Amino acid sequence: MILSVLIQLAINGLSMAMVYVLLASGLNLILSVPKILYVAYGVFYMLGAYITWGFMVLWDLPFAVGLLAAVLIPAILGGSVYRLVFIYIQYQERQFLTNIVAATGLSMIMGQAALLIFGTSPRGIPQIFTGVVVVGPLRLSVQRLVLILLTLAVLIALHFFLQRTRTGRAMRATAFNPEVAALQGVNANLVYMAAMGVGCGLAGFAGGVMAPEFAVSTEMANVTLYVLLVVMLGGVGSMPGAIVAGLIV
């Protein structure tokens, strides 16, 4: 009886664990490629949740459309932020500290903008997938199972992107040694912008996936500290480490 309860609790917590894995993977990419301690990262998680809520509740569009927008809009915004802000301080002296200050300023601006636009009241999304799967003594929500499977699919796609595509290989080469990568014809700034876009897109996807499960609010932006804990536990630059650490936390 106790064992079945523990298994049930572990499965219920797996949905939140997968969110930490997604967020840690995205932040890991930003920390290891452009090497920016992006403290504004949690804002993109919140933004993805609000985008999904807006598409589904305000405009009555399918969940798939809202989730796609929750990926694309933060990805475009993340890449644009690098192009408009971080590209000018990436090669300066003490750029690590300057990046932190710039990211903190962005976090404050975007957080206050979210408060002005959405207010402080939590928002909710009606249940998308109904029903329960019964496996022996375990009762599994269909919605949580679908969300976990969606997250797994994205993690597999991310692995394929980093290992098999030209852009992914360029990101790994630049993270390892940007000077040598540049000698091979890799444009570091384009790679940094792409890494920011992919990382922020993953945060938006995580927010969109969790929007039907939890209340959507501006407090979601405070997740950055927990994600940093996961990244440090798994090791900066290690995607397998981010997955293991996310499940542990």
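Details of the structure are given in the entry above.
Since this is a predicted model, take the numbers as computed values, not measurements.

K.L.:
Break down the nonpolar core for me, citing the residues and quoting the values.
P.N.:
Ranked by size, the top nonpolar core spans 69 residues in total, and within it Leu23, Leu27, Tyr38, Tyr41, Tyr45 and Phe86 carry the most contacts. Of the residues forming this core, the biggest block, 12 residues, is contributed by helix α8 (residues 188-210). Dropping the residues within four chain positions of it, Leu27 is found in contact with Tyr38, Tyr41, Val227, Leu228 and Val231. Judged by nonpolar contacts, the second largest core, of 5 residues, contains Ile51, Phe55, Ala69 and Ala70.

K.L.:
Describe the pattern of salt bridges, naming the residues involved and giving the relevant values.
P.N.:
Scanning the model with the defined rule gives 1 salt bridge in all. Between Glu213 and Arg144 there is a salt bridge whose closest N-O contact spans 2.7 Å. Of this pair, Glu213 sits in the loop between α8 and α9 (224-234) while Arg144 sits in helix α5 (residues 142-164), placing them 69 residues apart in sequence. Among the residues examined, Arg144 registers a relative accessible area of 23% and is labelled partly exposed.

K.L.:
So what about helix α3 (residues 63-84)? Which residues, and what values?
P.N.:
In a regular helix each residue adds 1.5 Å, so 22 residues correspond to 32 Å; α3 covers 31 Å between its end C-alpha atoms and thus fits that length. Among all positions of α3, only Phe63, Gly66, Leu67, Ala69, Ala70, Pro74, Gly78, Gly79, Val81 and Tyr82 are buried. Among the structural elements, α2 (41-58), α4 (95-118), α5 and α8 are those in contact with the buried residues of α3.

K.L.:
I'd like a description of a nonpolar patch on the surface, backed by residues and values.
P.N.:
A cluster of nonpolar side chains, namely Leu229, Met232, Leu233, Val244, Ile248 and Val249, defines an oily patch on the protein surface of about 600 Å² accessible area. Looking at the nonpolar patch, the elements with two or more residues in it are α9 and α10 (239-248). With 3 residues, α9 is the largest single contributor of residues to the nonpolar patch. Counting through the fold element by element, Ile248 comes out in helix α10.

K.L.:
Explain helix α6 (residues 166-176) to me, and be specific about the residues and the numbers.
P.N.:
When we look at burial in α6, the residues that qualify are Gly168, Ala170, Met171 and Thr174. Take α6 and look down its axis: the buried residues cluster within an arc of 160°, on one side only. Exposed and oriented more than 90 degrees from the buried face of α6 are Arg166 and Phe176.

K.L.:
Go over the side chain of Thr218 with me, naming the residues and quoting the values.
P.N.:
Mapped onto the elements of the fold, Thr218 is located in the loop between α8 and α9. Aside from chain neighbours lying at most four places away, what touches Thr218 is Met46, Tyr50, Ala114, Leu115 and Gly119.

K.L.:
An account of the environment of Tyr192 is needed here, citing residue identities and associated values.
P.N.:
Considering the arrangement of structural elements, one finds Tyr192 in helix α8. Expressed as a C-alpha distance, the spacing of Tyr192 and Ala170, which sit 22 residues apart in the sequence, is 9.9 Å. Residues in contact with Tyr192, not counting those within four places in the same chain, are Val33, Pro34, Tyr82, Gln90, Tyr91, Thr174 and Pro178.

Reading the values: the criteria
- Residues numbered from 1 in each chain as written.
- Predicted model: local features only at pLDDT ≥ 70, side-chain atom pairs only at ≥ 80, totals over all residues.
- Heavy atoms only, no water.
- Core = buried A, V, L, I, M, F, W, Y, C linked by side-chain atoms within 4.5 Å.
- Buried < 20%, exposed > 50% of the residue type's maximum accessible area, 1.4 Å probe, protein only.
- Helix = DSSP H or I, 4+ residues; strand = E, 2+ residues; numbered from the N terminus.
- Contact = heavy atoms within 4.5 Å.
- Salt bridge = Lys/Arg side-chain N within 4 Å of Asp/Glu carboxyl O.
- Expected span 1.5 Å × (residues − 1).
- Patch = residues over 30% accessible without salt bridge, like charges linked within 9 Å, V, L, I, M, F, W, Y side chains within 5 Å.
- Areas by Shrake-Rupley, 256 points an atom, 1.4 Å probe, with all protein chains shown as cover.
- Arc of directions from axis to C-beta.

So yeah, pure geometry; function would need other evidence.
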